[in-house]
Amino acid sequence: MEQLHFLVGEWVGTSKIYENGVLTKEGAAYEHISYDLEKNILVIELNTEFLQLHTVILYDEKDQKYYYHRFSKDGAAIYPAEFKEGQLIVWKDENTRFFFGSTPEGGFREYGERLVDGKWVKTFEDTFINTQ
């Protein structure tokens, strides 16, 4: 879980939604990320103009994988994830993935992509700066 420490903070930024690779919506975003249960899970509370999520990330020692537990008003889901090249990559399915990574300025960015006709197309991007 220590690999994900770069995500911890009180974050403010911008959320962008894309359809077919074209920006269609943009709005304010807020994210509170903290460890819980003696640093065994990471809790993410996301609020944007378009989406509210409560997410719990944990690392399973037995199978050596991260798991991304997402909760929203529409329900819950669990997706496998991996830490690779300094970022967390969450796999919703084989055609949809989300990236969580730090930025050179000390912020962080999360974005999603969907595989369309053999090419990865961006579906959303949230960029944040830490207010702590």
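These remarks concern the structure in this document. (Residues numbered from 1 in each chain as written. Predicted model: local features only at pLDDT ≥ 70, side-chain atom pairs only at ≥ 80, totals over all residues. Heavy atoms only, no water.)

**Side note on the sheet that holds strand β1 (residues 9-19)**
Phase 1: With antiparallel pairing, the 10 strands of this closed barrel are ordered in space as β1-β2-β3-β4-β5-β6-β7-β8-β9-β10. When strand polarity is set aside, the average angle formed by the axes of neighbouring strands in this sheet is 25°.
Phase 2: Bridge count for strand β3 (residues 41-48) against strand β4 (residues 52-60) is 7 bridges, and the pairing is antiparallel. For I41, the partnering residue across the bridge sits in β4 and is L58. (Pairing = 2+ DSSP bridges. Helix = DSSP H or I, 4+ residues; strand = E, 2+ residues; numbered from the N terminus. Axes fitted to C-alpha atoms, helices over the stretch in contact; angles between N-to-C directions.)

**Looking at the nonpolar core**
Phase 1: Counting residues in hydrophobic clusters, the biggest one holds 24 residues, and the most contacted among them are L4, L42, I57, L88, V90 and F100.
Phase 2: Those elements giving two or more residues to this core turn out to be β2 (22-36), β3, β4, β5 (65-72), β6 (75-84), β7 (87-93), β8 (96-102) and β10 (119-130).
Phase 3: F100 has contacts with F6, L7, I44, Y68, Q87, L88, V90, F108, R109 and E110, leaving out every residue within four places of it along the chain. (Core = buried A, V, L, I, M, F, W, Y, C linked by side-chain atoms within 4.5 Å. Buried < 20%, exposed > 50% of the residue type's maximum accessible area, 1.4 Å probe, protein only. Contact = heavy atoms within 4.5 Å.)

**Regarding the pattern of salt bridges**
Phase 1: Per the stated rule, a full pass over the model turns up 3 salt bridges.
Phase 2: Here R97 makes a salt bridge to E113, at a shortest N to O gap of 2.7 Å. Remark: E113 occurs in strand β9 (residues 108-116) and R97 occurs in strand β8; sequence separation between them is 16 residues. The same class applies to R97 as to E113, namely buried.
Phase 3: The salt bridge partner of K122 is E125, with a shortest N-O separation of 3.3 Å.
Phase 4: A relative accessible area of 11% places E125 in the buried class. (Salt bridge = Lys/Arg side-chain N within 4 Å of Asp/Glu carboxyl O.)

**Topic: the pairing of β8**
Phase 1: Counted residue by residue, β8 has 6 buried out of 7 residues, so it is predominantly covered.
Phase 2: With 6 bridges joining them, β7 and β8 adopt antiparallel strand pairing. Within β8, the position partnered with W91 by the bridge is R97.
Phase 3: The antiparallel hairpin formed by β7 and β8 contains 2 residues in its connecting segment.
Phase 4: In this antiparallel pair of consecutive strands, β8 and β9, the connection spans 5 residues, and G106 shows a positive phi of 95°.

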